[in-house]
Structures are given as C-alpha cells and as structure tokens.
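# Summary of the model geometry
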Amino acid sequence: MKVIRIYVLGISALFLFASCQTTVVGGGGATETVNCQVLSSGGIPDSGALVRLIDADNWFEKRRRGESVVFDSAITGSNGHFTLRYPRGLMTNLQIDGEHEALFVKHFISRQQSGDTSTTLRLKPTATLSGSIDGEVDHIELYGSSYSLAVLDGNFSHAVADGLYPLFLRSDDKITFHSAVNLLSSSPESINLEQRPSVLLIEDFAEPFELYTPSKLGLITGGHWYCYNDPEPGNQDTSIINVSVSKMGAYEGSSLSAVAVLGAGLEYPYAGIGVTIGENGRPYDLSGVHTFSFVARGNCMIYFSVETSLIDSLEQNIHFGKLVALTDAWTFYSIPVTELTIPTGSKADQLGITWESATYSVARIEFDLPPGSNATGDTLRFQIDNVYMHGVSIEDLLK
C-alpha cells in the first residue's frame, strides 16, 4: 500500500515590524492598529513613502470585481513612522513604495497574529518589470499587491518592490492568471506575454523552486510539489528519489529532474513526484478541463495520475491516469481526459466510477514510477517542464 509521506516545510513567517506595536480596537467587527517605522536601505528613517496594507485572503475575489484590495494606507512621517488599521483575523500583505526604494512583505500579518514582533522594515532599491503583450490587455496586475501596470500600445514598464509575483492580465472586466515572475532590484526583468484563455499554468520551473513550497499555481491556491517513496530511508532496498531543478539539459531555462531506484526488496516498490492543486490537498472542480499537458524526457515509464478525493475515499493507490513511455528527447505530451483510465477490476472500476463523476474532486497530480513497467534496481531518470491544464481558468478554479 502506498503511504505518501509529504513533508511540508512551513513558509517562513515574514512579520517584519520595526518598533511595531499592535493595538486591539474593540467592538463586534474588531480592528487592530499597527504602528511601525520604515528605514531606507542606508538605515535612515524614510519619510514620504506610501504604505499600503493589503487583503491577502480576498485579493482575487476583490480584483475580479474591480474593487480595491487595500485595507488602509498611510504616508510615513519625518521619522519614518506610520499607523495603519486592519480587520482582525485576516491575512495581510504589506507594500511600501518610496521615491526610489520599495518593500513587499507577504503575510505581514497572519490570521492569528497579535502583539509586538519587533524587527527592522528596511527598503530596497526598486526592481523594474517591463515587456510587451499580444492581445487586448489593459493592465498587468501583480498578485497580492496593489501594483497595476498600464499596457499602452502593447507595452508596459513599472518600478515595483522585489518579490515573486504571479502575473494577472486584465482585459475590461476579465482577469486571468498567466505566469509568475521573480523580480530583483539587481536584475531588471523584461518579458513577452501572450494571452492564453482557459489555459492554466501549474508549473514552468522558470523561477526559484524548492520541494514542499508552493507551485506557480500554488502561489495562489497553496498547492505544492512533493516527492514520495517506500520504504523508509536507510533500507538498502529503498526506492530513493532525488528531485531538483536545474538548467543542465533543461527544456527551457530550467526544468525539474528526478532520479530514483526501485528496490528489489519489496513486492511493489514505488517512487514519484506530485503536486497538490490547493492547500492541504483540498479538492477542486476540474470538470471544465479537457486536456493536461507537459513536456518530459527520461529513460523510464511514468504513470501520469490525476488523483481525486472521491477515489481516495474508496481505495489507495488507484487513480485515473495514463502510462507514458519517455525517451531521451524532450517530447510534448497532451493527454485528453478521455484517455485517463482506472485499472480494470479495481474497487472504483467495479463501482462504475467514471472520470465525469470524479472530476469534481481533483486533489493532486502525480508522476509515478510504476514497478511493473520499470525494472527494479535500475537507475531511473526523468525531467519534466511546463505543466498545464487546458479548458479551465483561475476564475473557474476559485469560484
């Protein structure tokens, strides 16, 4: 029986308060007040900077409706201090924009946080995001922030704070997720974008990546990559899997690489990598998806598996999927949902579970190394890149 061991590393709490104090203001809809000081990159109190406290919990829903995501804003005084109010029990991001320096702090205040967590809020030189886009797009919006870059004649350019931002394209009243970009003040970023209606990126491995932290889609939903193998590490027959992202031999930029050995000491050894769609394996309605796609290469067989909470409730290690034979050459794989099947004779098969009945509860996607299709003892290698869902938008996913 496959027991997936997912070791999720907690995202570092970035509660960067400088001489900060949080005061509770009573009442039924209680609010809190945060008082902080902002310093320039040189350590001098920064006056005249615009500070915004942003609704991280409801960012997409508010922007979808064209509403402001800012709870409160302030201008730093001569000593760099500011005071902001916000509703209790919500997650907030902090955005500070000075004349030539800025700062973006994700999860500045958590849902449970209260009280003083003193440290320094120090600005950095701004980063620059510029580029062009094909299609009718009015603005490029940076998820979790108030940055909205106007698109004029297909071009855009704006100074923003350092950070990893999912990019949303706004056209009239429609907003769609495109990709994510890591912006550094030391390296201006210029990108070319194109509209991709009803195509949803899961991962392109183009930006900094680490197992057990969010995927590109997971920057919005909380989904993350993980790996699994059995039995416990240290056994000589353990199915070992090493996962990394590297530019070496990559499809474009950088790609995920995995190496595994299926040990002969078990009847059914296993190993693989997977990605949850949302936080804690929360299931999603993917009934609109008609195709999954990715590029891959390797010396093994992989089982592309779309795993649902419906079948999880019936049996372990049996899910809709398709066996794929990899080769040494990078190959584009497009897998229509009509080609996803479950093993004949399984409990789900006997109960007549169809893809149409299970697709409302998709929790994760896995790239498995099935022992019956791969030799035990062999070193199995594979790389993947550009994982997408087709037929669904971020609005469909978050409705």
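Residues numbered from 1 in each chain as written. Predicted model: local features only at pLDDT ≥ 70, side-chain atom pairs only at ≥ 80, totals over all residues. Heavy atoms only, no water.

## With respect to the overall build of the protein
From N to C terminus, the protein includes six helices and 27 strands. Of all intrachain contacts in the protein linking residues separated by at least 6 positions in sequence, the fraction that spans at least 24 positions is 68%. Summed over its atoms, the accessible surface of the protein is roughly 17500 Å², and 49% of this surface lies on carbon and sulfur atoms. (Helix = DSSP H or I, 4+ residues; strand = E, 2+ residues; numbered from the N terminus. Contact = heavy atoms within 4.5 Å. Areas by Shrake-Rupley, 256 points an atom, 1.4 Å probe, with all protein chains shown as cover.)

## Regarding the sheet that holds strand β16 (residues 189–194)
Here three strands make up an open sheet; going across it, the order is β13-β10-β16 and the pairing mixed. Each edge of the open sheet is held by one strand with a lone partner, namely β13 (155–160) and β16. On average, adjacent strands in this sheet sit at an angle of 20° to one another, irrespective of strand direction. With six bridges joining them, strand β10 (residues 127–134) and β13 adopt antiparallel strand pairing. Along β13, the bridge assignment pairs Leu129 with His158. (Pairing = 2+ DSSP bridges. Axes fitted to C-alpha atoms, helices over the stretch in contact; angles between N-to-C directions.)

## Quick word on the nonpolar core
Core analysis: the largest hydrophobic core is formed by 68 residues, its most contacted members being Trp225, Ile273, Phe292, Phe367 and Phe382. Residue contributions to this core peak at six residues, all from strand β27 (residues 379–390). Apart from the residues lying within four places of it in its own chain, the contact partners of Ile273 are Trp225, Tyr226, Cys227, Tyr228, Ile241, Val243, Leu256, Ile365, Glu366, Phe367, Phe382 and Ile384. Ala102, Ile133, Tyr147 and Val181 belong to the second-largest nonpolar core, a separate cluster that totals 21 residues. (Core = buried A, V, L, I, M, F, W, Y, C linked by side-chain atoms within 4.5 Å. Buried < 20%, exposed > 50% of the residue type's maximum accessible area, 1.4 Å probe, protein only.)

## Things to note about the side chain of Asn374
Mapped onto the elements, Asn374 comes out in the loop between β26 (362–368) and β27. For Asn374, a relative accessible area of 6% puts it in the buried group. Of the polar contacts made by the side chain of Asn374, one reaches the backbone nitrogen of Met301; its length is 2.9 Å. Engagement of the side chain of Asn374 in a polar contact is seen with the backbone oxygen of Pro370, the distance being 3.1 Å. Those residues in contact with Asn374 that sit more than four places away from it in its chain are Leu262, Cys300, Met301, Leu369 and Leu380. (Polar contact = N/O pair within 3.5 Å; in protein donor to acceptor, adjacent residues only side chain to side chain.)

Shape is all these values report; function is a separate question.
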